[in-house]
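Spelled out from the first residue to the last, the chains are:
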Amino acid sequence: MIPGTAYGFLSPLHILEILMIPLSLFWLIRWTRTHSRQTARQLLYGMAIAVPLLELMRILWLVWLGEGYWVKLLPLHLCGLQVFFIPLAVFSRNLPLRSYVWATSILGGITAIVYPAGIVGTYPFFHFQTFQSFALHLLLILTPVLMFLADDYSPRLSQLPSVIAILGGSALCAFAVDWIWGQNYMFLREVPEIGFLQAIMKLGGYPAYWLTLGAAVIAGCTLLLAFGQYWKKEIERSPGLGAFNLFVWAHFLF
C-alpha cells in the first residue's frame, strides 16, 4: 500500500465504481435496442477478446515490476478463469460453457467490484491496477448479458448441474496449485478478511469453510440462472418492453 493514497471501501470513489454497474447495463440494453444483431455480435466478439487481453496486461505489468514466480501469475481465481471460459463460450456457442459463464462470470464480476479485495485499501483510485481490475470485472458482467441479448443464449435452471461440474473441476485445479505451491487461488487455502467466513473457519475448520464457500457460490449461480430464465420469459412475452429490462436489473442488483 502507498500510505495516504489508497482509496477506501465504500468511499465516494468506490461507490462510483459500484454505480457504474447499473449505468453500464442501462447503456448496453439501450444500445442493443438501437443496433442490429450482427453489430451486437461483433461487440460481443470484441469483449470476448478484450477479457484475456486485460488479464495479459496485468501479468505483463507484474513481470515488469519484477514478479518472476510463474505460479503467482496464473489466472486461477473464479474471475481469472473467465479469460479461458468467456472466449470459448462466445466463439464455440457451447451450451454448458455459456451457462457456466452466465452463472459465474456475472457473480464474480459483481462481487469483485462491490468488494474489491486487494484493490481497495491497497492502491490509489488513479492507478493501473485499479483501472485494470475494474475494467476486467465490468466486462465479466457485460459480456454474458450481451451474449444473452444478442446471441440467443437462454439461461435455464436445468443447466445448474453442468455449471457445478465445471466449477468443481476448476476448483480442483486451483486446490492442487494452492496446496502444492502454497498459493490461495479461489481462497481455498486462506480465508479472506470477511468476518463470518473467518468465524466459520474457527468453529468448523476447513470442511465447514469450504462447504460454506461452495454453498454461497452455488446459491449465487442458482439465483442468476433463475433470474435469466425469468428475464427471458418476460422478453418473449413482451419483446419491446425495454423499461422492464432496466427495472429487473435494477432490482436484481440493489
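Computed from a predicted structure; not experimentally measured.

(A) Local environment of the environment of L136. With respect to the helices, strands and loops of the structure, L136 is situated in helix α5 (residues 128-150). Taking the C-alpha atoms as reference points, L136 and A112, separated by 24 residues in sequence, lie 9.9 Å from one another. If we ignore the near neighbours within four places in the chain, the residues touching L136 are V51, L54 and E55.

(B) View of empty space enclosed by the protein. Summed over the entire model, instances satisfying the criterion amount to 1 cavity of 30 Å³ or more. Reported here for the largest cavity is a volume of approximately 50 Å³. Lining the largest cavity, in full, are Y7, E17, A112, I113, P116, I119, T130, S133 and F134. Mapped onto the lining of the largest cavity, the elements with two or more residues apiece are α4 (95-114) and α5. The greatest single-element share of the lining of the largest cavity, amounting to 3 residues, is contributed by α5. Of the residues belonging to the lining of the largest cavity, the class tally is 6 nonpolar, 2 polar and 1 charged.

(C) Inspection of the nonpolar core at higher detail. Within the largest apolar cluster, 62 residues are counted, with the highest numbers of intra-cluster contacts made by W102 and W231. Listed by contribution, the elements that provide at least two residues to this core are α1 (12-34), α2 (37-64), α3 (82-92), α4, α5, α6 (160-181) and α7 (195-237). When residues of this core are assigned to their parent elements, the largest contribution, 13 residues, is made by α5.

(D) Representation of a nonpolar patch on the surface in the model. Residues F9, L10, I15, L19, L23, V114 and Y115 make up a contiguous nonpolar surface patch of roughly 610 Å² in combined accessible area. Element by element, the count of residues in the nonpolar patch is highest for α1, at 3 residues. Secondary-structure assignment places L19 in helix α1.

(E) α6, seen in detail. In this model, α6 (22 residues) spans 31 Å end to end at C-alpha, consistent with the 32 Å of a helix rising 1.5 Å per residue. Among the residues of α6, L160, V163, I166, L167, S170, A174, V177 and D178 are the ones counted as buried. On an axial view of α6, the arc spanned by its buried residues comes to 130 degrees, and they lie on one face. Those residues of α6 that are exposed and angled more than 90 degrees off the buried face are P161, A165, L172 and I180. Residues of α6 that are buried make contact with α3, α4 and α7. Where α6 terminates, the next one or two residues include G182, which has phi positive at roughly 70 degrees.

(F) Broad picture of the side chain of D151. Examined against the element boundaries, D151 turns out to sit in the loop between α5 and α6. For D151, a relative accessible area of 1% translates into the label buried. Engagement of the side chain of D151 in a polar contact is seen with the side chain of R41, the distance being 3.0 Å. Excluding residues within four positions of it along the chain, D151 makes contact with R41, L44, V90, R93, R98 and L146.

Procedures and definitions
- For every chain, the first residue of its written sequence is number 1, and the numbers climb from 1 along that sequence.
- Per-residue local features are limited, in this predicted model, to residues with pLDDT of at least 70; the limit for side-chain atom pairs, both in listing and counting, is 80 or more; totals at the level of whole chains, interfaces and linings are taken over all residues.
- Values shown for side chains rest on all heavy atoms present in the structure; no hydrogens or waters enter the calculation.
- By the criteria applied, helices consist of DSSP H or I runs no shorter than four residues and strands consist of E runs no shorter than two, each listed in order from the N terminus.
- In this description, contact between two residues means that some pair of their heavy atoms is separated by no more than 4.5 Å.
- Buriedness for pockets is judged along seven lines, at least five of which must meet protein on both sides within 12 Å for an open set on the 1 Å grid over protein atoms alone, while cavities are sets there where a 1.4 Å probe fits but cannot get out, and lining residues have an atom within 4 Å of a point.
- Grid points are joined across faces, edges and corners, and a volume is the space filled by probe spheres set on the points.
- Residues are grouped as follows: Ala, Val, Leu, Ile, Met, Phe, Trp, Tyr, Cys and Pro are nonpolar; Asp, Glu, Lys and Arg are charged; all remaining types, including Gly, are polar.
- Each nonpolar core is a collection of buried residues, namely Ala, Val, Leu, Ile, Met, Phe, Trp, Tyr and Cys, held together in the definition by side-chain atoms within 4.5 Å.
- Burial classes follow relative accessibility: with a 1.4 Å probe on protein chains only, a residue under 20% of its type's maximum area counts as buried, one over 50% as exposed, and anything between as partly exposed.
- Each patch groups residues whose relative accessible area exceeds 30% and which form no salt bridge, using 9 Å between like charges and 5 Å between nonpolar side chains of Val, Leu, Ile, Met, Phe, Trp and Tyr.
- Surface accessibility in these figures is a Shrake-Rupley result with a 1.4 Å probe; residues are shielded only by whichever protein chains are displayed.
- We count a salt bridge whenever a side-chain nitrogen from Lys or Arg sits within 4 Å of a carboxyl oxygen from Asp or Glu.
- One less than the number of residues in a helix, times 1.5 Å, gives the span that helix is expected to have.
- Here the arc refers to the set of directions running from the helix axis out to each C-beta atom.
- Counted as a polar contact is a pair of N or O atoms within 3.5 Å, where, for protein atoms, one must be capable of donating a hydrogen and the other of accepting one, and residues adjacent in sequence contribute only when both atoms are in side chains.

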